[in-house]
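Structural characterization, general
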Amino acid sequence: MKVLNLQCAHQHDFEGWFASEDDFHQQLERGLLSCPLCGDAQVRKMLSAPRLNLGRTREETPVATPAGDGLVEMGRTAPGSELQGRLLRAVRELMSKTEDVGERFADEARAMHHGELEQRNIRGRTTPEVAMELIEEGIEVMPLPTLPALKETLQ
């Protein structure tokens, strides 16, 4: 199994696991790879520190190790990875603590605001115009970016 450090054209760093180097190139050529943050398909392989077993003890061998959701390369955090890690942790928490009501978002928010439904944390989709109407009615809403990672299980 090969673990590769990857980066999209927007400089979002992420990790990919592949059966081989050829597997990585085949998936890249077939358009199967994309950034989990923005969905960009322009993915490139970044340098990574290999783990070489040369007979030294583990404490003496410098290796790349994870820190939170960021990459640490030889003791240094990769640029932007700390911010990306925080964003992914926040998205995971949001997903776990809210119910996706989809296109019914405005109706559900209004019904809760008027006491017709029990209060709960929801997320969903609506137009910017309807979101402004909700705010004008005194209903607290917060727009969130649409991330491809929101559609799938975050790992």
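A brief structural summary. (Residues numbered from 1 in each chain as written. Predicted model: local features only at pLDDT ≥ 70, side-chain atom pairs only at ≥ 80, totals over all residues. Heavy atoms only, no water.)

Quick notes on the overall build of the protein chain
When helices and strands are counted, the protein chain shows 4 helices and 8 strands. Buried residues in the protein chain amount to 28% of all 155 residues. Considering only contacts within the protein chain whose residues lie at least 6 apart along the sequence, 43% involve residues at least 24 apart. (Helix = DSSP H or I, 4+ residues; strand = E, 2+ residues; numbered from the N terminus. Buried < 20%, exposed > 50% of the residue type's maximum accessible area, 1.4 Å probe, protein only. Contact = heavy atoms within 4.5 Å.)

A word on unusual backbone geometry
The backbone of Gln11 shows a phi angle near 65°, a positive value even though the residue is not glycine. The residue Gln11 is located in the loop between β1 (2–8) and β2 (13–18) in this model. Judged by relative accessible area, Gln11 falls into the exposed class, the value being 57%.

Some words on the packing of helix α3 (residues 105–113) against helix α4 (residues 128–136)
The N-to-C vectors of α3 and α4 enclose an angle of 5°; their axes lie 11 Å apart at closest approach. By the angle between their directions, the pair α3 and α4 is classed as roughly parallel. Within the contact between the two elements, α3 uses Phe105, Ala106 and Arg110 and α4 uses Val130, Glu133 and Leu134. Here the contact of α3 with α4 is composed, by residue class, of 4 nonpolar, no polar and 2 charged. (Axes fitted to C-alpha atoms, helices over the stretch in contact; angles between N-to-C directions. Parallel < 35°, antiparallel > 145°, perpendicular 65-115°, else oblique. Nonpolar A, V, L, I, M, F, W, Y, C, P; charged D, E, K, R; others polar.)

A word on α3
In an α-helix, one full turn covers 3.6 residues, which means residues spaced three or four apart are oriented alike. Every buried residue belonging to α3 is among Phe105, Ala106, Glu108, Ala109, Ala111 and Met112, and all of these are buried. Buried residues along α3 sit against β7 (99–102), β8 (122–124) and α4. The positive-phi residue at the C-terminal boundary of α3 is Gly115, with phi of around 80°.

What about the pattern of salt bridges?
Should the charged atoms of two oppositely charged side chains come close, the side chains can pair. Across all of its chains, the model carries 10 salt bridges by this definition. Between Glu93 and Lys97 there is a salt bridge, with its nearest N and O atoms 3.0 Å apart. According to the relative accessible area criterion, Lys97 is exposed, its value standing at 52%. Arg125 is paired through a salt bridge with Glu103; the nearest N and O atoms lie 3.2 Å apart. With Arg125 in the loop between β8 and α4 and Glu103 in the loop between β7 and α3, this pair connects stretches of sequence that are 22 residues apart. (Salt bridge = Lys/Arg side-chain N within 4 Å of Asp/Glu carboxyl O.)

Regarding the sheet that holds β1
Taken in spatial order, the 3 strands make up an open sheet running β2-β1-β3, and their pairing is antiparallel. In this open sheet, the two strands that pair with only one neighbour each are β2 and β3 (43–45). Between one strand and the next, the sheet's axes are offset by a mean angle of 40°, whatever the strand orientation. (Pairing = 2+ DSSP bridges.)

Some details on the packing of aromatic side chains
A complete count under the given rule lists 1 aromatic pair for this structure. Each ring, one from Phe18 and one from Phe24, has its centre 5.2 Å from the other, and the planes form 75°; the classification is edge-to-face. Judged by relative accessible area, which is 2%, Phe24 ranks as buried. (Phe/Tyr/Trp six-rings, centres within 6.5 Å; stacked < 30°, edge-to-face > 60°.)

Remarks on the nonpolar core
In terms of nonpolar packing, the biggest core is built from 11 residues, these being Leu4, Leu6, Cys8, Phe14, Phe18, Phe24, Leu33, Cys35, Leu37, Val43 and Leu88. Looking at this core, the elements that each hand over two or more residues are β1 and β2. The element contributing the most residues to this core is β1, with 3 residues. Contacts of Val43, omitting those with residues within four sequence positions, involve Leu6, Gln7, Cys8, Phe14, Leu28, Leu33, Ser34 and Cys35. Counting 8 residues, the second largest nonpolar core, distinct from the first, contains Phe105, Ile122, Leu134 and Ile139. (Core = buried A, V, L, I, M, F, W, Y, C linked by side-chain atoms within 4.5 Å.)

Quick look at the environment of His113
By the element assignment, His113 lies in helix α3. Its relative accessible area of 39% is what places His113 among the partly exposed residues. Along the chain, His113 and Gly138 lie 25 residues apart, while their C-alpha atoms are 8.5 Å from each other. Sequence-distant contacts of His113, that is, excluding residues within four places in its chain, are made with Gln119, Glu137, Gly138 and Ile139.

So, to be careful, I would describe these as geometric facts and stop short of saying anything about function.
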